[in-house]
Amino acid sequence: MLTYDFTGQSVIVTGGAGGIGLELARRFHAAGASVWLWDNAPDRVQGAADAIGAERVDATALDITDKAQVEAAAADVLARAGRIDILVNSAGITGPNETVARYDADAWRRVIDVNLNGTFLCCQAVLPAMQKADYGRIVNIASIAGKEGNPNAAAYSASKAAVLGLTKSLGKELAATGIRVNAVTPAVIRTEIFDQMTKEHIDYMLSKVPMGRFGTVEEAAKMCLWLASDDCSFSTGAVFDISGGRATY
């Protein structure tokens with residue numbers, strides 16, 4: 001099994017109270033990093049931090065769609081740790097399963113705001129510290145839906161496609177620096193986000209996976225750890241699939 005040493009590094013994980021984010025936070029912490037969990041659920045994020053450990057882990061409740069809150073949280077990390085080495089944008093919502101013709105406009109805006117604008121604001125907030133240090137790793141959790149588009153999930157698919165565009169643009173902007181920006185596109189990873197989906201939609205997604213099973217948060221976390229490490233040195237603005245054979249490009 002590959003092992004990583006993140007001793008001395010400061011890692012921000014959005015959506016860190018559950019799912020892929022929480023699994024990553026555990027692994028970063030076990031590898032020696034100081035971990036900062038950002039999530040919009042105060043009790044859950046504090047509970048996640050407590051479960052990880054008493055030292056080198058911090059819980060911050062915030063709304064990633066609020067620029068002032070995100071900037072304040074990033075400033076707090078920098079003031080207390082003196083550095084921001086890694087950002088993993090794992091926070092996201094699915095929105096309703098509905099046709100475009102019937103999709104509620106407010107629900108559409110909320111999905112785009114969390115999944116795309118929140119990712120943008122978090123990237124923007126950490127960039128000054130990373131650029132000053134000429135080092136950083138940004139990992140954006142997108143989705144296979146952003147590459148292929150899932151029916152009855154237009155807002156989610158569109159938001160994740162936009163995250164891929166953001167990743168490619170930012171990766172190219174920073175390619176000549178020591179900062180790497182990459183995205184992963186999971187297919188179906190069993191997390192609590194399933195609670196936001198209908199059974200029909202879950203069954204549809206599973207039917208598209210040649211391996212015939214859901215992925216695990218452990219599998220997704222392992223890929224993200226490499227992208228966040230020094231070993232990821234010649235990949236930036238890139239998209240890495242973890243789809244059980246579903247991805248065709």
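An unreviewed UniProt entry annotates the protein as SDR family oxidoreductase of Roseitalea porphyridii. In its Sequence similarities (unreviewed entry) section, the UniProt record describing the protein reads: "Belongs to the short-chain dehydrogenases/reductases (SDR) family."

**Thoughts on the overall build of the protein**
Along its length, the protein carries 8 helices and 7 strands. Taking 18 Å as the expected radius of gyration for a compact globule of 249 residues, we find that the protein reaches 17 Å, a close match to that expectation. Across the protein, contacts joining residues at least 24 apart in sequence account for 71% of those joining residues at least 6 apart. Only carbon and sulfur atoms are counted for the fraction: they give 53% of the accessible area of the protein, which is about 11100 Å². Of note, the protein has its 23 positive side-chain charges centred 5 Å away from the centre of its 28 negative side-chain charges.

**Here we look at the packing of helix H3 (residues 67-81) against helix H4 (residues 105-133)**
Two elements in contact, H3 and H4, have axes separated by 9 Å at closest approach and are oriented at 35°. Two packed elements cross with a definite hand, and for H3 against H4 that hand is right-handed. Residues Lys67, Val70, Glu71, Ala74 and Leu78 of H3 lie in contact with H4, whose contacting residues are Leu121, Cys122, Gln124, Ala125 and Ala129. A per-class count over the contact of H3 with H4 returns 7 nonpolar, 1 polar and 2 charged.

**Examining the layout of surface pockets**
If you add up the space inside the second largest pocket, you get close to 230 Å³. As for the second largest pocket, its lining consists of 11 residues, and the residues nearest its centre are Leu2, Thr3, Tyr4, Arg27 and Leu225. Here the lining of the second largest pocket takes 3 residues from helix H1 (residues 19-30), the largest share from any one element. In terms of residue class, the lining of the second largest pocket is built from 7 nonpolar, 1 polar and 3 charged.

About the cut-offs
- Residues numbered from 1 in each chain as written.
- Predicted model: local features only at pLDDT ≥ 70, side-chain atom pairs only at ≥ 80, totals over all residues.
- Heavy atoms only, no water.
- UniProt positions renumbered as here; feature names shortened; annotations may be inferred.
- Helix = DSSP H or I, 4+ residues; strand = E, 2+ residues; numbered from the N terminus.
- Rg over C-alpha atoms; globule rule 2.2 N^0.38 Å.
- Contact = heavy atoms within 4.5 Å.
- Areas by Shrake-Rupley, 256 points an atom, 1.4 Å probe, with all protein chains shown as cover.
- Lys, Arg positive; Asp, Glu negative; His and termini not counted.
- Charge placed at Lys NZ, Arg CZ, Asp CG, Glu CD.
- Axes fitted to C-alpha atoms, helices over the stretch in contact; angles between N-to-C directions.
- Left-handed = near helix turned anticlockwise from the far one by under 90°.
- Nonpolar A, V, L, I, M, F, W, Y, C, P; charged D, E, K, R; others polar.
- 1 Å grid on protein atoms, 1.4 Å probe; cavity = no way out; pocket = protein on both sides within 12 Å on 5 of 7 lines; lining within 4 Å.
- Points joined across faces, edges and corners; volume = space filled by probe spheres on them.

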